[in-house]
Amino acid sequence: MSKQIDKVTLGNLVIALGIIYGDIGTSPLYVLNAIINGRAISELLIIGSLSCIIWTLTLQTTIKYVWLTLKADNKGEGGIFSLYALVRRQRRWLVLPAMIGGAALLADGMITPPISVTSAIEGLRQLPSLNYIPQDTIVIIVLGIMVVLFFLQQFGSDYIGKLFGPIMFIWFGMMAVLGSNHLLDDLHIFKALNPVYAIELLAMYPKGFWLLGAVFLCTTGAEALYSDLGHAGKSNIRISWIYVKTCLLLNYLGQGAWLLHNQAGKVFDTAHNNVFYSIMPEWFLIPGILIATAAAIIASQALISGSFTLISESMRLNLWPKFRISYPTEQKGQLYIPAVNFMLFVGCCSITLYFRSSSHMEAAYGLAITLCMLATSILFANYLISRRAPSVLIYLYLSVYLIIEFSFLFANLEKFPHGGFVTLIVGGGLFAIMYVWYRSRKIKNRYVEFVRLENYIPQIQELSTDRTVPKFATHLMYMTSANNPKEIEHKIIYSILNKKPKRADIYWFVHIDTLDEPYISEYSVEHIIPNDIIRVEFRLGFRIEPRINLMIRKVVEDLVKNREVNITSRYESLERNNVVGDFQVVVMEKYLSQDNELSFFERVIMKLYFWLKEASLSEERGFGLDPSNVLIEKFPLIVSPLPDLSLKRIG
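Residues numbered from 1 in each chain as written. Predicted model: local features only at pLDDT ≥ 70, side-chain atom pairs only at ≥ 80, totals over all residues. Heavy atoms only, no water.

**Thoughts on the environment of Ser240**
For Ser240, the location among the structural elements is in helix H15 (residues 234–262). Taking the relative accessible area as the measure of exposure, Ser240 reaches 5% and is therefore buried. Not counting the four nearest positions on each side in its chain, Ser240 is found in contact with Leu13, Ala16, Leu17 and Tyr21. (Helix = DSSP H or I, 4+ residues; strand = E, 2+ residues; numbered from the N terminus. Buried < 20%, exposed > 50% of the residue type's maximum accessible area, 1.4 Å probe, protein only. Contact = heavy atoms within 4.5 Å.)

Right, dumping it as structure tokens:
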């Protein structure tokens with residue numbers, strides 16, 4: 001991450017408001033509504049709930065994420081997969097919390113845009129002329145916004161993104177003013193700053209513990225805050241959070257004071273009213289609804305962009321099938337994945353149509369994200385171990401946050417029958433994709449056989465000069481997974497020498513090493529036999545797309561400039577005219593051989609893997625190769641060979 005991004009300036013602070021706080025910033029639209037839904041307004045309920053909100057934002061968002069977790073930056077980048085990349089060498093099983101966290105974050109990302117936008121649009125009911133607007137009309141408006149929002153993703157948000165910060169600054173300022181106007185309605189509201197009232201609510205209010213499921217909604221955006229670290233910088237997030245938290249607390253306290261003053265003893269009608277809009281003066285409702293809708297759209301945009309980044313990281317870490325990625329603008333980190341955009345669009349529209357109202361979405365929201373927060377706690381504890389933090393502090397961190405997050409998880413389990421199962425099913429499906437992709441790679445690795453390259457160099461050189469064999473290409477390139485430069489896959493040697501001898505003037509073996517750092521992009525060249533056999537190793541960060549076609553062209557240009565290789569065609573007529581030789585790439589594509597003896601579980605994994613492979617990007621496109629120069633060569637994947645076949649000759 002550049003120092004320019006992390007530098008604290010007014011401009012960077014405003015940018016942070018637009019990128020980082022969309023999800024957590026729109027929570028006042030629905031949190032108190034979810035808490036008081038169907039309950040009589042009382043001092044214990046309101047002050048206790050607000051105390052829970054204040055201390056959740058303090059312990060969970062401020063201390064855990066803004067203060068502690070932001071320390072675990074991977075060269076300036078954040079998010080659960082950046083954190084996993086920092087600790088994955090320590091323990092192999094840490095891939096499981098990383099996959100659970102990533103899947104949960106994606107699943108909850110599908111419900112955040114619908115709940116934010118629906119809560120904002122339902123504010124139209126506060127207008128006297130639109131008090132009884134049908135829910136169908138609200139659903140149609142929300143779906144219309146979703147269609148436009150997802151359609152615009154392909155063009156990027158470079159230009160319109162510059163407006164996000166100022167709009168969110170206005171949004172937070174508006175919340176602070178609206179809340180402050182009602183603080184004097186009931187001064188008892190300031191008792192909520194005392195955590196004793198939070199404990200009192202959980203212990204004494206009927207079914208008070210289960211209210212934590214609704215309280216948790218105030219901090220669901222904390223994980224997204226960490227994921228967007230690379231876009232704003234640690235210092236800008238920490239300083240802007242002071243402003244954001246102040247505005248949030250003033251609004252929550254104002255909503256609570258208004259409820260105690262105007263609704264004490266009554267059951268507030270959350271189906272047709274929203275506390276957030278009820279504290280607005282009537283003359284301000286229309287501009288207030290417009291600003292809230294803009295903030296909800298910005299929150300949705302931030303989550304969609306975050307999902308693209310999350311999937312691209314998981315692809316680099318071999319936890320997700322390869323999908324096509326495009327870069328709509330020159331802005332660093334901005335990317336667009338059509339398949340993921342379509343998946344999110346279908347998910348958001350389906351959730352809108354299934355739940356229809358924000359009150360029903362509140363009943364389902366938050367269950368999956370608790371799993372993500374638990375996963376982050378486990379990974380961060382391992383990060384502290386890798387940094388040799390004192391054991392006492394590590395155990396203190398784990399005990400405090402596992403108690404808090406398991407409490408939220410159990411409270412959120414009450415949402416399971418009310419729609420929470422939807423996000424868990426979606427999250428479970430996403431986790432299954434990651435697990436199948438990861439596990440199948442482990443199964444395949446049992447088959448990969450490496451041989452010493454030096455044993456085959458004489459044969460390859462002899463083939464290269466054997467004019468009785470038709471020339472296959474001037475330059476022949478293979479992608480190799482061998483980390484050791486002295487080794488090569490047996491299947492590549494078989495392809496060159498045995499299957500159909502492939503005579504070439506220069507053989508190129510290209511290896512990609514995906515690093516734990518995000519943005520490294522470098523290469524090294526080893527001339528195994530000068531001008532005959534060359535190995536190129538690319539060292540790419542987990543956020544760098546392997547565009548091998550462009551990268552190998554740059555490498556060849558450098559080698560020619562340094563006179564390390566002669567790429568002129570070796571055909572006599574072409575060589576006389578200095579014509580550059582042709583490049584041919586052979587991509588080895590696996591298919592599951594029938595000659596396998598796998599367990600039932602492994603057979604299922606491999607079947608699912610090949611099904612996912614059909615739906616994902618082909619090998620050559622995944623490596624960023626030009627399909628016109630690529631030969632696909634299929635070979636059988638024999639993971640677990642059958643025992644010797646008993647066959648008797650009778651004639």
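Anyway, onward from the coordinates.
**Some thoughts on the side chain of Thr118**
Mapped onto the secondary structure, Thr118 falls in helix H8 (residues 112–121). Beyond its immediate stretch of four places on either side in the chain, Thr118 contacts Ile138, Val142, Arg356, Ser357, Ser358 and Met361.

**Brief notes about the nonpolar core**
Counting 152 residues, the largest nonpolar core has Tyr21, Ile35, Trp171 and Phe172 as the members making the most contacts within it. A per-element tally of this core places H15 first, with twelve residues. Setting aside chain neighbours within four positions, we find Tyr21 in contact with Ala16, Met168, Phe172, Leu225, Ile237, Ser240, Trp241 and Val244. Within the second largest apolar cluster, 24 residues are counted, among which are Ile552, Val565, Phe623 and Leu625. (Core = buried A, V, L, I, M, F, W, Y, C linked by side-chain atoms within 4.5 Å.)

**What to know about the packing of H8 against helix H9 (residues 135–151)**
Running from N to C, H8 and H9 point in directions that differ by 130°, and their axes come no closer than 10 Å. Classified by the angle their axes make, H8 and H9 are oblique. Of the two elements, H8 crosses H9, and the hand of that crossing is right-handed. Every residue of H9 that contacts H8 at Pro113, Pro114, Val117, Thr118 and Ile121 is listed here: Ile138, Ile141, Val142, Ile145 and Met146. (Axes fitted to C-alpha atoms, helices over the stretch in contact; angles between N-to-C directions. Parallel < 35°, antiparallel > 145°, perpendicular 65-115°, else oblique. Left-handed = near helix turned anticlockwise from the far one by under 90°.)

**Considerations on the pattern of salt bridges**
Pairing is possible between side chains that carry opposite charge, provided their charged atoms lie close to one another. Here the structure, examined in full by the defined rule, presents nine salt bridges. For Arg452, the salt bridge goes to Glu454, with nearest N and O atoms at 3.8 Å. The class for Arg452 is partly exposed, based on a relative accessible area of 33%. As a salt-bridge pair, Glu522 and Arg539 come within 2.1 Å of each other at their nearest N and O atoms. Taken together, the positions of Glu522 in strand S5 (residues 521–529) and Arg539 in strand S6 (residues 533–541) put the pair 17 residues apart, joining distant regions of the chain. By relative accessible area, which is 36% here, Glu522 ends up partly exposed. Arg539 sits in the partly exposed class, given a relative accessible area of 30%. (Salt bridge = Lys/Arg side-chain N within 4 Å of Asp/Glu carboxyl O.)

**A word on a nonpolar patch on the surface**
Together, Val148, Phe151, Leu152 and Phe155 give the surface a local cluster of nonpolar side chains, amounting to about 400 Å² of exposed area. Tracing the sequence through the fold places Phe151 in helix H9. (Patch = residues over 30% accessible without salt bridge, like charges linked within 9 Å, V, L, I, M, F, W, Y side chains within 5 Å. Areas by Shrake-Rupley, 256 points an atom, 1.4 Å probe, with all protein chains shown as cover.)

**Thoughts on the pairing of strand S4 (residues 503–515)**
Burial analysis of S4 places eleven of its 13 residues in the buried class, which makes it a mostly covered element. Note that S4 and S6 share nine bridges and pair parallel. Within S6, the residue paired with Ile512 across the bridge is Phe538. (Pairing = 2+ DSSP bridges.)

**A look at the layout of surface pockets**
Here the largest pocket defines a volume of roughly 1600 Å³. Taken together, 48 residues form the lining of the largest pocket, with Asn318, Arg441, Asn445, Ser481 and Ile512 sitting closest to its centre. Of all the secondary structure elements, the ones that give two or more residues to the lining of the largest pocket are helix H17 (285–316), helix H22 (420–445), strand S2 (471–480), S4, S6, strand S7 (583–592), helix H27 (600–615) and strand S8 (630–637). Per-element tally for the lining of the largest pocket: the top contributor is H22, with six residues. In terms of residue class, the lining of the largest pocket is built from 24 nonpolar, ten polar and 14 charged. (1 Å grid on protein atoms, 1.4 Å probe; cavity = no way out; pocket = protein on both sides within 12 Å on 5 of 7 lines; lining within 4 Å. Points joined across faces, edges and corners; volume = space filled by probe spheres on them. Nonpolar A, V, L, I, M, F, W, Y, C, P; charged D, E, K, R; others polar.)

**Details of the packing of aromatic side chains**
All chains considered together, the criterion is met by 27 aromatic pairs. On the basis of an interplanar angle of 85° and a centroid distance of 5.4 Å, the ring pair of Phe276 and Tyr277 is categorised as edge-to-face. Judged by relative accessible area, which is 0%, Phe276 ranks as buried. Residue classification places Tyr277 among the buried residues on the basis of a relative accessible area of 1%. Aromatic side chains Phe308 and Tyr336 sit 5.8 Å apart centroid to centroid with 85° between the ring planes, which places their arrangement in the edge-to-face category. Here the residue Phe308 occupies a position in helix H17, and Tyr336 occupies one in the loop between H17 and helix H18 (338–355), the gap between them amounting to 28 residues. Neither Phe308 nor Tyr336 differs from the other in exposure class; each is buried. Positioned over the ring face of Phe472 is Lys502, at 5.9 Å from the centre of the ring. (Phe/Tyr/Trp six-rings, centres within 6.5 Å; stacked < 30°, edge-to-face > 60°. Lys NZ or Arg CZ within 6 Å of the ring centre and 35° of its normal.)

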